[in-house]
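# Inside the fold
Each chain, written out:
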Protein chains: 2
Amino acid sequence: MTYTVEIKVMPLKELLDPQGKAVMSGLQNLGLNTIADVRIGKNITLQIDTDSEEKAKKIAEDASKKLLANPVMEYYEILTPNP
Amino acid sequence: MTYTVEIKVMPLKELLDPQGKAVMSGLQNLGLNTIADVRIGKNITLQIDTDSEEKAKKIAEDASKKLLANPVMEYYEILTPNP
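In this convention, every chain numbers its residues from 1, walking through the sequence in written order. Starting at A for chains and at 1 for ligands, labels are handed out in the order in which the entities are written. The predicted origin of the model limits local features to residues at a pLDDT of at least 70 and limits the giving and counting of side-chain atom pairs to 80 or more, whereas totals for whole chains, interfaces and linings rest on all residues. Only hydrogens and water are removed before side-chain values are computed, so all heavy atoms of the structure are retained for them.

### A word on the environment of Glu77(B)
Residues and elements named next belong to chain B.
- Helix and strand labels come from DSSP, where a helix needs a run of H or I of at least four residues and a strand needs a run of E of at least two; each type is numbered from the N terminus. The topology assignment puts glutamate 77 in strand E3 (residues 74–82).
- Residues glutamate 77 and valine 9 lie 68 residues apart in sequence; the distance between their C-alpha atoms is 6.6 Å.
- Any pair of residues with heavy atoms lying within 4.5 Å of one another is described as a contacting pair. Apart from residues lying up to four places away in sequence, glutamate 77 is in contact with Glu6, Ile7 and Lys8.

This is the structure:
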């Protein structure tokens, strides 16, 4: 069975996000000045062939730790897999 | 009031995602060979100062159309704002 798992990788809250700051000033130049903050991270969708939701989640966790997120600068969040 | 709105910007399903393909082969080299597909997009968190959830959503929609997503290559999804 194929499970779809979404992983959200965002810059740590304590760190500055220069890409977000640049986009924020871009939005303000376009007249959207009620936007107080912008943070930009990654959204990764995995298709995992396995036999249970728990295994799919474990594989996603493993992938995040080994390759997808850099714990020095980012945190990740795994969203519940849908079959 | 400040609303937090999340916007997911992903490459269109019809298009190849070279970044995702590269990450997939990286994961397979690490031994995670049950992963059948990887797609990578952006996750943008906006903090919007406004007085209702509907207005916050409208502003996020506006920002996505004007700057955050390129409709030729990407689609976006606005996740319900939380106060």
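### Considerations on the layout of surface pockets
- For each structure, a 1 Å grid was placed over the protein atoms alone; sets of points admitting a 1.4 Å probe that cannot get out are labelled cavities, open sets with protein on both sides within 12 Å along at least five of seven lines are labelled pockets, and lining residues have an atom within 4 Å of a point. Grid points are joined across faces, edges and corners, and a volume is the space filled by probe spheres set on the points. Roughly 290 Å³ of internal volume is contained in the largest pocket.
- Pro11(B), Gln19(B), Ile40(B), Gly41(B) and Glu74(B) are the residues nearest the centre of the largest pocket, which is lined by 16 residues in total.
- Looking at the lining of the largest pocket, the elements with two or more residues in it are strand E2 (35–49) of chain A together with strand E1 (2–11), helix H1 (18–29) and strand E2 (35–49) of chain B.
- Split by residue class, the lining of the largest pocket holds eight nonpolar, four polar and four charged. Think of it as three bins: nonpolar holds Ala, Val, Leu, Ile, Met, Phe, Trp, Tyr, Cys and Pro, charged holds Asp, Glu, Lys and Arg, and polar takes everything else, Gly as well.

### A look at the relation of the copies chain B and chain A
- Mapping chain B onto chain A calls for a screw motion: a turn of 180° about the axis and a shift of 0.0 Å along it, with 0.0 Å RMSD after fitting. What the superposition gives is, in effect, a two-fold axis relating one chain to the other. Measuring from the rotation axis to each C-alpha of chain B, the shortest distance belongs to Lys42(B), at 2.2 Å.
- A shared binding surface is used by both copies, with 100% of the interface residues of chain B retained as interface residues in chain A. Fitting of the copies onto one another was done by least squares over C-alpha atoms, counting residues only where both copies have pLDDT of at least 70.

### A few points about the interface of chain B and chain A
- Counting residues at the interface gives 30 residues for chain B and 30 residues for chain A.
- Each salt bridge in this description consists of a side-chain nitrogen of Lys or Arg and a carboxyl oxygen of Asp or Glu lying within 4 Å of one another. There are two salt bridges connecting chain B and chain A.
- Residue Glu6(B) is joined to Lys8(A) by a salt bridge in which the shortest nitrogen-to-oxygen separation is 3.0 Å.
- Polar contacts, as used here, are pairs of N or O atoms within 3.5 Å; protein pairs need one atom able to donate a hydrogen and one able to accept it. Residues neighboring in sequence count only if both atoms are side-chain atoms. In this assembly, chain B and chain A are joined by twelve residue pairs in polar contact (both at pLDDT 80 or more).
- Counting residues per element, the side of chain B that touches chain A draws most heavily on E2(B), at 15 residues.
- A class-by-class count of the residues in the side of chain B that touches chain A yields 16 nonpolar, six polar and eight charged.
- Sheet topology places E2(A) next to E2(B); 13 bridges connect them, and they run antiparallel. Pairing between strands requires that DSSP locate at least two bridges from one strand to the other.

### Quick word on the pattern of salt bridges
- This model, assessed by the stated rule, comprises 13 salt bridges over all chains.
- For Asp51(A), the salt bridge goes to Lys55(A), with nearest N and O atoms at 3.0 Å.
- Categorising residues by exposure relies on relative accessible area from a 1.4 Å probe, with only protein chains included: less than 20% of the type maximum marks a residue as buried, more than 50% marks it as exposed, and the intermediate range marks it as partly exposed. Taking the relative accessible area as the measure of exposure, Lys55(A) reaches 43% and is therefore partly exposed.
- The residue Lys21(B) makes a salt bridge to Asp37(B) at a minimum N-O spacing of 3.2 Å. With Lys21(B) in helix H1 and Asp37(B) in strand E2, the pair connects residues that are 16 residues apart, well separated along the chain.
- Of the residues examined, Lys21(B) reaches a relative accessible area of 34% and is grouped as partly exposed.
- In this structure, a network of salt bridges that share partners links the residues Glu6(A), Lys8(B) and Glu77(B).

### Examining a nonpolar patch on the surface
- Within the patch definition used here, like charges are joined within 9 Å and nonpolar side chains (Val, Leu, Ile, Met, Phe, Trp, Tyr) within 5 Å, considering only residues with over 30% relative accessible area and no salt bridge. Every accessible area reported is derived by Shrake-Rupley at a probe size of 1.4 Å, with residue values counting cover from the shown protein chains alone. Together, Leu15(A), Val72(A) and Met73(A) line one region of the surface with nonpolar side chains, adding up to about 280 Å² of accessible area.
- Mapped onto the fold, Leu15(A) is located in the loop between strand E1 (2–11) and helix H1 (18–29).

Remember, this is a structural readout, not a statement about activity or role.
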